[in-house]
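Spelled out, the chains give:
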Amino acid sequence: MQTNIFTRTLLAATTTVALAAGSLAAAGTSFAAPAAARPAAVSEAVTPQAVTNLGLNAAQAKKVQRWLKTYWGYRGSIDGKLGPDSWKAFQRCLKKYWHYNGRIDGVVGKETVKALQRLLKSGYGYRGSIDGIAGSGTKSAFKRFANAH
């Protein structure tokens, strides 16, 4: 019986030492390459294209893109993904009619959402405050907007 306990204890200790040694060896190799040998990152290559559908499904987003293409100079594909080009076109609309004062940059920030909320309050059932937060009320009204177009 004592041999069995001794064997288990020895096996556990050996496993622990082996795991620790493996972890140290792996940690050592992560610092092996000098900084000059690492490839430089190019900002254009790693910048993700943000898709912000604000709760719309692909079919609803396609309706919005068709509307943007017809009226606001959207030139991208009708793919159901509201990316920066879709939002640039939307920002042109928001700038002209809904007091958007930000840059036409395709970023769905607080000012873009505030202007969108003004639009949605005008006839798409948004009853919340103009706070720039795309919560459930904003998303529901945006769905009504999409389905109307």
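Shown above is the structure to which this text applies.
Note that residues are indexed from 1 along each chain, following the sequence as it is written. With the structure being a predicted model, the display of local features is reserved for residues of pLDDT at least 70 and the display and counting of side-chain atom pairs for 80 or more, all residues being used for whole-chain, interface and lining totals. Only hydrogens and water are removed before side-chain values are computed, so all heavy atoms of the structure are retained for them.

What to know about the overall build of the chain
So, point 1. Secondary structure elements follow DSSP: runs of H or I of four or more residues count as helices, runs of E of two or more count as strands, with numbering from the N terminus. Helix and strand counts for the chain come out as six helices and zero strands.
So, point 2. For the chain, with 149 residues in total, the buried portion stands at 27%. When accessible area is computed with a 1.4 Å probe and restricted to protein chains, residues below 20% of their type maximum are described as buried, those above 50% as exposed, and intermediate ones as partly exposed.

A look at helix α6 (residues 136-148)
So, point 1. In this model α6 runs 18 Å from its N-terminal to its C-terminal C-alpha over 13 residues, within 8% of the 18 Å that 1.5 Å per residue would give.
So, point 2. Taken together, the buried positions of α6 are occupied by T138, A141, F142, F145 and A146. For α6, the arc enclosing every buried residue in end-on projection is 145°, short of the 170-degree limit, so these residues lie on one face.
So, point 3. A contact between two residues is defined here by any heavy atoms of the two lying within 4.5 Å. Lining the buried residues of α6 we find α3 (58-71), α4 (84-97) and α5 (110-121). To estimate the expected span of a helix, count its residues, drop one, and scale the result by 1.5 Å. Directions drawn from the helix axis to the C-beta atoms are what define this arc.

Re the packing of α3 against α6
So, point 1. Between α3 and α6, the shortest axis-to-axis distance is 8 Å and the interhelical angle comes to 60°. Between α3 and α6, the interaxial angle falls into the category oblique. Between α3 and α6 lies a crossing of left-handed hand. Where α3 approaches α6, its residues Q60, K63, V64 and W67 are matched on the opposing element by K143, F145, A146 and N147.
So, point 2. Charged means Asp, Glu, Lys or Arg here, nonpolar means Ala, Val, Leu, Ile, Met, Phe, Trp, Tyr, Cys or Pro, and polar covers whatever is left, Gly included. Of the residues contributing to the contact of α3 with α6, the split by class is four nonpolar, two polar and two charged. Geometry is summarised by axes, namely lines fitted to C-alpha atoms with helices restricted to the contacting stretch, and by angles between N-to-C directions that run from 0 to 180 degrees. Orientation labels follow simple angle bins: below 35 degrees gives roughly parallel, above 145 gives roughly antiparallel, 65 to 115 gives roughly perpendicular, and whatever is left gives oblique. In this scheme the crossing of two helices becomes right-handed for a clockwise turn of the near helix relative to the far one and left-handed for an anticlockwise turn of less than a right angle.

Quick look at the packing of aromatic side chains
So, point 1. Pairing of aromatic rings covers Phe, Tyr and Trp, the last counted by its six-membered ring, and requires centre-to-centre distances within 6.5 Å; plane angles under 30 degrees mean stacked, over 60 mean edge-to-face, and any other angle means tilted. Under the definition given, this model contains ten aromatic pairs.
So, point 2. Summarising the aromatic geometry, the rings of W72 and Y97 are spaced 6.0 Å apart at their centres and angled 80° between planes, so their arrangement reads as edge-to-face. Remark: Y97 occurs in helix α4 and W72 occurs in the loop between α3 and α4; sequence separation between them is 25 residues.
So, point 3. An aromatic cluster is built from W67, Y71, W87, F90, Y124, F142 and F145, whose rings are joined through pairwise contacts.

A short note on unusual backbone geometry
So, point 1. In this structure, L54 takes a positive phi of about 45° despite not being glycine.
So, point 2. In this fold, L54 is placed in the loop between α2 (43-46) and α3.
So, point 3. On the basis of relative accessible area, L54 is assigned to the buried category, the value being 11%.
So, point 4. One non-glycine residue, H99, lies in the positive phi region at around 60°.

A word on the nonpolar core
So, point 1. Of all hydrophobic cores here, the largest spans 24 residues; its most connected members are V64, L68, F90, L116, L120, F142 and F145.
So, point 2. Top contributing element to this core by residue count: α4, with five residues.
So, point 3. Apart from the residues within four sequence positions on either side, F142 is in contact with N53, L54, L56, L82, W87, F90, L116 and L120. As used here, the term nonpolar core means buried Ala, Val, Leu, Ile, Met, Phe, Trp, Tyr and Cys residues forming a set that is joined through side-chain atoms within 4.5 Å.

These figures come from the coordinates and say nothing about function on their own.
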